[in-house]
Amino acid sequence: MPVPGPGYSITIRLEAPPSASAAGDLTGAVGRVGGVITAFDVVESHTDRIVVDITCNALSANHAQDIQDGLAALPGVTVRKVSDRTFLVHLGGKIEVNAKIAIRNRDDLSRAYTPGVARVCQAIASNPEDARRLTIKRNTVAVVTDGSAVLGLGNIGPAAALPVMEGKAALFKKFAGVDAWPVCLDTQDTDEIIRAVELIAPSYGGINLEDIAAPRCFEIEARLREKLDIPVFHDDQHGTAIVVVGALRNALRVVNKNIEDCRIVVCGVGAAGSAIIRLLLKQQPADVVAVDVGGVVHGGRDDLDPNREWIAANTNRNGLTGDLHKALVDADVFIGVSAPNLFGADQVATMTKDPIVFALANPDPEIDPLEAQRHAAVVATGRSDYPNQINNVLAFPGVFRGLLDAHAHKITDDMLVAAANAVADVVDAEKLNASFIVPSVFDPHVAPAVAEAVRAAVLQAGA
Ligand SMILES: NC(=O)c1ccc[n+]([C@@H]2O[C@H](COP(=O)([O-])OP(=O)(O)OC[C@H]3O[C@@H](n4cnc5c(N)ncnc54)[C@H](O)[C@@H]3O)[C@@H](O)[C@H]2O)c1
């Protein structure tokens, strides 16, 4: 059951009578409608009234309104203003550009800008590779979207996608010191997106594609990888795959199974599921069975696009047909990146002994995690209010840190595998258990470990 969280945090400024019971009356009114108070500040005090800021977490915008109404209904209370703390965080955007150098006088100016800068330009003109040493290309990534598959919101367009891209850029900086900049393109045409990214590429050391809908995202990524001499990474695909494969490595350690012996069901073969399957196949599991909205993916289906044709050709060794429930029978692992509430505890009971269930559909997973726990040995979700949160933040900052530090020109599957192993190995044997298969997103060891693994893989590949 969802609980009030900081995503819907509000601060209500109100006037109340200065009575001895004021604080109790106010907090009681919030508690009665299920709000969770996180701060109570008296900001003004007068003989006839007090002015109070009550900050509390709610479940939704409607719930926030209920809290406000509950307070306003108290005798003598007047609500002055309600601030949505999430909107306050976004006022004017969440990132900015800062100069790394001081420009205090004419000397500084003539080195940072003309005439001095001209010699640096000439050096790059005669040796373009120097751009990675002498410009922001060294540390800068474009976060490119067309706004077509933003969070669970769908196709909301490039301007509405910007708050997400800004957030992504802030995470790049916070976790790995990478300067990332949102590039929200006003087109959803594959050729135009590719051309636009190609045209802006000289300024960047890497391209992070974000929230671009499947199947268009596959072609865009593949063609950009062909064209550009910098790494191109679609986080919804590969960031997810890295964390899932890393988490699975640790989950298998918990249940003492080898991936070579495991039958893995992957439900959802969109952006996330397809990349997960490709990375899983590198680990040589006994079998992978893919399922989408049309049931088990197999070569006999006549509705397959090129992506699912590839999946049909490379998975499902026994030619299974049917639905998800059938695929789950005797499976060792379920990985869901599809849709909410597709099965229950009864289906988990049909899996092998000590099954692993990763139900990652957001915000509501394929199975209620509490249901899954009735029979599963390890359960993971995408949610922050359950243990084992599969969160891409564990991967993308360190991946790009490593790529930029190694001056990588491309990214390979071996680098993704190295990143997945690094995420897993941050959880050492003393900490590993069924409720702790991935490190915390705030664990400061994660990004450096991933970066080092990716850097080493780049150097090994000579990429
Ligand atoms: N870290 C995470 O937790 C994480 C990461 C990536 C994606 N996700 C979640 O995974 C889901 C899919 O993301 P995506 O970007 O791959 O989306 P997508 O739209 O590209 O793909 C969705 C896939 O789910 C399948 N599907 C839809 N309904 C289904 C059903 N009833 N039964 C079986 N399959 C069904 C579709 O056929 C498609 O293959 C979303 O809920 C997303 O939030 C979670």
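Bear in mind that the values here come from a model prediction, so they are computed numbers and not experimental data. (Residues numbered from 1 in each chain as written. Predicted model: local features only at pLDDT ≥ 70, side-chain atom pairs only at ≥ 80, totals over all residues.)

(A) The sheet that holds strand β4 (residues 78–84), seen in detail. Reading across the sheet, the four strands line up as β2-β3-β1-β4 and stay open at both edges, with antiparallel pairing between neighbours. Of all the strands in the sheet, just β2 (36–45) and β4 have a single pairing partner and so form its edges. Across the sheet, the axes of successive neighbouring strands diverge by a mean angle of 20°, strand direction being ignored. Helix-sheet contacts for helix α2 (residues 61–72) involve β1 (5–16), β3 (50–58) and β4, and the interaxial angle to β1 is about 20°. (Pairing = 2+ DSSP bridges. Helix = DSSP H or I, 4+ residues; strand = E, 2+ residues; numbered from the N terminus. Axes fitted to C-alpha atoms, helices over the stretch in contact; angles between N-to-C directions. Contact = placed C-beta atoms within 7 Å.)

(B) Examining the site of the ligand more closely. Near the ligand lie 25 residues; those nearest to it are G268, G270, D292, N362 and G382. Those elements that provide at least two residues to the shell around the ligand are α10 (235–255), α11 (271–281) and β10 (287–292). Ranked by residues supplied to the shell around the ligand, first place goes to α11 with three residues. (Near = placed C-beta within 6 Å.)

(C) Layout of the packing of α10 against helix α17 (residues 413–425). The interhelical angle for the contact between α10 and α17, taken along N-to-C directions, is 50°, at an axis separation of 8 Å. It follows that α10 is oblique to α17 by the angle criterion. Crossing of α10 over α17 shows right-handed handedness. Judged by residue contacts, H238, A241, I242, V243, V245, G246, R249 and N250 of α10 engage L416, A419, A420, N421, V423 and A424 from α17. Residue composition of the contact of α10 with α17, grouped by class: nine nonpolar, four polar and one charged. (Parallel < 35°, antiparallel > 145°, perpendicular 65-115°, else oblique. Left-handed = near helix turned anticlockwise from the far one by under 90°. Nonpolar A, V, L, I, M, F, W, Y, C, P; charged D, E, K, R; others polar.)

(D) A look at the environment of L88. Position of L88 relative to the elements: it lies in helix α3 (residues 85–90). Sequence separation of L88 and I10 is 78 residues, and the distance between their C-alpha atoms is 9.8 Å.

(E) Seen up close, the pairing of β3. Where β1 and β3 come together, nine bridges link them in antiparallel fashion. Among the inter-strand pairings, G5 is bridged to a residue of β3, identified as A58. Relative to β3, β2 runs antiparallel, the two sharing eight bridges. The residue of β3 that forms the bridge with E44 is V51. A loop of four residues connects β2 with β3, the two strands running antiparallel in sequence.

(F) Expanded view of the pairing of strand β7 (residues 206–209). Side chains of β7 alternate between two faces, with G206 and N208 and I207 and L209 buried alike. Direction of pairing for strand β5 (residues 140–145) relative to β7: parallel, over a ladder of four bridges. Note on β7: the bridge partner recorded for V141 is G206. In this fold, the crossover linking β7 to strand β8 (residues 232–234) by way of helix α9 (residues 216–227) has right-handed handedness. (Buried ≥ 20, exposed ≤ 12 C-beta atoms within 10 Å, placed from the backbone. Right-handed = clockwise from strand over helix to strand, strands pointing away.)

(G) Just unusual backbone geometry, in detail. Note the cis peptide between A214 and P215, where omega equals 0°. Tracing the chain through its elements places P215 in the loop between β7 and α9. The step from N362 to P363 runs through a cis peptide bond, and the omega angle for that step is -5°. Here D354, not a glycine, exhibits a phi torsion of approximately 50°, which is positive. In this structure, D354 sits in the loop between α14 (345–348) and β13 (356–359).

(H) Focus on the domain arrangement of the protein chain. As far as domains go, the protein chain holds domain 1 (5–90), domain 2 (137–230) and domain 3 (236–463). Taking only C-alpha atoms, the centre of domain 2 and the centre of domain 3 are 23 Å apart. Counting from both sides, the interface comprises 22 residues of domain 2 and, opposite them, 20 residues of domain 3. If you list the elements that add at least two residues to the side of domain 2 that touches domain 3, you get α7 (158–176), β7 and α9. When its residues are assigned to classes, the side of domain 2 that touches domain 3 shows eleven nonpolar, six polar and five charged. (Domains from an automatic or database assignment.)

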